[in-house]
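# Close look at the chain arrangement
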Amino acid sequence: MEDGMGGHIDGAAEGTAEGAAGGAAGGAATGVADKELAELLHLVSKRLRHGYVRRLVPLELNPGQARALRALADADRPLRMVQLAEELRIVPRSLTPVVDALEEAGLVRREVDPANRRSTLVVLTLDGQAAADRARDARIEAGEDLFAVLSGEQREQLRGLLGLVDGQFR
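I will try to describe carefully the structure that is included in this document. Throughout, residues of each chain are indexed from 1 in the direction in which the sequence is written. In keeping with the model being predicted, local features are shown solely for residues with a pLDDT of at least 70 and side-chain atom pairs are shown and tallied solely at 80 or more, while totals for entire chains, interfaces and linings include all residues. The side-chain figures draw on all heavy atoms in the structure; neither hydrogens nor water molecules are used.

### Observations regarding the pattern of salt bridges
Threshold: Salt bridges are counted wherever a side-chain nitrogen of Lys or Arg sits within 4 Å of a carboxyl oxygen of Asp or Glu. We call a residue buried when its accessible area falls under 20% of the maximum for its residue type, exposed when it is over 50%, and partly exposed in between, using a 1.4 Å probe and counting protein chains only.
Under the counting rule described, the total for this entry stands at 10 salt bridges. The shortest N-O distance in the salt bridge between Lys35 and Glu39 comes to 3.9 Å. Residue Lys35 is classed as partly exposed on the basis of its relative accessible area of 31%. A salt bridge links Arg109 to Glu111; the shortest N-O distance between them is 2.8 Å. Since its relative accessible area comes to 38%, Arg109 is described here as partly exposed. Each member of the salt-bridge network shares a partner with another, and the members are Arg55, Glu141 and Asp145.

So, in structure tokens, the structure goes:
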């Protein structure tokens, strides 16, 4: 099955608890300790993404659209196209087809910015807010399934370690 981003989802990479447990058990037998940390993190991230993409399919969203909805929902106000592109760390021309698809689905609308009539605001609709909430739930479920093999204490340890690594870039 294709993930909508040019990648493929296979049974081992679906991000399910069974896939994670089977991958962990199989990985231990084939030498997880031999994998470098970056490679292992990449593999786990890929499994998480595949589980997320699989959950987005019934919502008729791809990850880029879900990210745009999340950014708009988190902003609590309409954003200019340029601001949204900056928030997503993409060039504005790459944002246009994302916003076009969201607008066609009735999840956002474009409005002229009253403060600068040359700028366009992207406004989240009520349906868009609901879709952002469902996409957020899909992301959370994908993570819960993937990390189900870990105890609560292990998940908190992992969260702290990943937060520490990520924090060095903020």
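### Topic: the sheet that holds strand E2 (residues 108-113)
This is how the line gets drawn: One requirement defines pairing of two strands: DSSP has to find at least two bridges between them. Helix and strand labels come from DSSP, where a helix needs a run of H or I of at least four residues and a strand needs a run of E of at least two; each type is numbered from the N terminus. By the convention used here, residues are in contact when the closest approach between their heavy atoms is within 4.5 Å. Only the stretch in contact is used when fitting a helix axis, every axis being a line fitted to C-alpha atoms; angles between N-to-C directions are given from 0 to 180 degrees.
Across the sheet, three strands lie side by side as E1-E3-E2; this open sheet has antiparallel pairing. Taken across any chain shown, the strands that pair with only one partner, and hence form the sheet edges, are strand E1 (79-80) and E2. Across two bridges, the pairing between E1 and strand E3 (residues 116-124) is antiparallel. When the bridges of E3 are listed, Arg80 appears paired with Leu121. In the packing of helix H5 (residues 92-104) onto the sheet, the strands contacted are E2 and E3, and the crossing angle to E2 comes to about 115°.

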